[in-house]
Amino acid sequence: MDPLGSLIDWIAVYGMFGLFAIGLAERFVPILPSYGVLVAIGIASVDSAWSLPDAIIFTTAGSFSGGLVLYLLVRAVGQGRSIKLLYWFGRLLGLSPARIDRTLSSFRARERTLIVISQLIPAVRLIAPLVAGLIPANFGRFAGGTILGIALWNSLFIVVGYFAVIAVPGMNALVLAIKVLVFLIAIEVLLALAWRFAVRRPRRATLRENRS
């Protein structure tokens, strides 16, 4: 049984629109394992369901469009309601209010860098557009950084799926997704360490300035 493969068959019926739609859905359906879907999309590229560049471009466009909606929504409804929305959405993803508050502080201190990095960290990447809208981040930096981060995230898993099935023909998309999950956990640990380092640097600098 290969549920991811079945999902890809459904997406393939709608072609480029299907790729865009699955990228968009990832922003609003937290239960959807984006890494697994992207791996399966990469596998389908080998069978010429779509080209590798098309897969990356259209899934990135869909995911960015969803992020843009969240960013603009926060800008429109105001800070008070947005904080409640952010906490509610964070709970769905297993993020505590304390972690969300730290993420907000981090964005304010290192907005340009963290907008990109946040798109490479599971769970955090989904609330990042809300955080960016709440700060509020400069729209140009938000758009550019978010597109870059999403493109890197999507490209990684799509390319992994593409080359994995070439190396091992007939590989089950679900099995490959599980293997990728193990790899993802290792990468997430490294990114989390990098994130913590990026967060602590401005805090230490602030403390030194206050003491001097």
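What counts as what
Residues numbered from 1 in each chain as written. Predicted model: local features only at pLDDT ≥ 70, side-chain atom pairs only at ≥ 80, totals over all residues. Heavy atoms only, no water. Helix = DSSP H or I, 4+ residues; strand = E, 2+ residues; numbered from the N terminus. Buried < 20%, exposed > 50% of the residue type's maximum accessible area, 1.4 Å probe, protein only. Contact = heavy atoms within 4.5 Å. Areas by Shrake-Rupley, 256 points an atom, 1.4 Å probe, with all protein chains shown as cover. Core = buried A, V, L, I, M, F, W, Y, C linked by side-chain atoms within 4.5 Å. Patch = residues over 30% accessible without salt bridge, like charges linked within 9 Å, V, L, I, M, F, W, Y side chains within 5 Å. Salt bridge = Lys/Arg side-chain N within 4 Å of Asp/Glu carboxyl O. pLDDT = per-residue confidence, 0-100. Phe/Tyr/Trp six-rings, centres within 6.5 Å; stacked < 30°, edge-to-face > 60°.

**A few points about the overall build of the protein**
- The helix and strand tally for the protein stands at nine helices and zero strands.
- Listed by position from the N terminus, the elements making up the protein come as α-α-α-α-α-α-α-α-α.
- Scored against the burial criterion, the 212 residues of the protein give a buried share of 43%.
- Residue pairs in contact within the protein that sit at least 24 positions apart in sequence constitute 80% of those at least 6 positions apart.
- Total accessible area on the protein is roughly 10700 Å²; 66% of this is exposed by carbon and sulfur atoms.

**Some words on the nonpolar core**
- Counting residues in hydrophobic clusters, the biggest one holds 25 residues, and the most contacted among them are Leu86, Phe107, Ile127, Val131 and Phe142.
- Counting residues per element, the ones that place at least two in this core are helix 3 (52–77), helix 4 (79–92), helix 5 (97–109), helix 6 (111–118), helix 7 (124–134) and helix 8 (139–167).
- Top contributing element to this core by residue count: helix 7, with seven residues.
- Val37, Ile56, Trp153 and Ile158 belong to the second largest nonpolar core, which has 20 residues in total.

**A closer look at a nonpolar patch on the surface**
- A cluster of nonpolar side chains, contributed by Trp10, Val13, Tyr14 and Phe17, occupies part of the molecular surface with about 500 Å² of accessible area.
- By the element assignment, Tyr14 lies in helix 1 (residues 3–28).

**Some points on the pattern of salt bridges**
- If you walk through the whole model with that rule in mind, you get one salt bridge.
- The partner of Arg125 in a salt bridge is Glu26, with the nearest N and O atoms 2.0 Å apart. One end of the pair, Arg125, is in helix 7; the other, Glu26, is in helix 1, and 99 residues separate them in sequence. Note on accessibility: Arg125 and Glu26 belong to one class, buried.

**Digging into the confidence of the model for the protein**
- Across the protein, the average pLDDT comes to 80, with 81% of residues at 70 or higher.
- Mean pLDDT across the secondary structure elements of the protein bottoms out at helix 9 (residues 173–211), with 64, and peaks at helix 3, with 92.

**A look at the environment of Leu152**
- Residue position: Leu152 is located in helix 8.
- Linking Leu152 and Leu120, residues 32 residues apart in sequence, is a C-alpha distance of 7.7 Å.

**As for the packing of aromatic side chains**
- Using the criterion set out here, one finds six aromatic pairs in the structure.
- Centroid distance Tyr71 to Phe142: 4.2 Å. Interplanar angle 10°. Geometry classified as stacked. In this pair, Tyr71 sits in helix 3 while Phe142 sits in helix 8, placing the two residues 71 residues apart along the sequence. We note that Tyr71, like Phe142, is buried.
- Centroid distance Phe139 to Phe142: 6.4 Å. Interplanar angle 45°. Geometry classified as tilted.

**Considering helix 7**
- Burial within helix 7 is extensive, with eleven of its eleven residues counted as buried.
- Taken as a whole, helix 7 has its buried residues at Val124, Arg125, Leu126, Ile127, Ala128, Pro129, Leu130, Val131, Ala132, Gly133 and Leu134.

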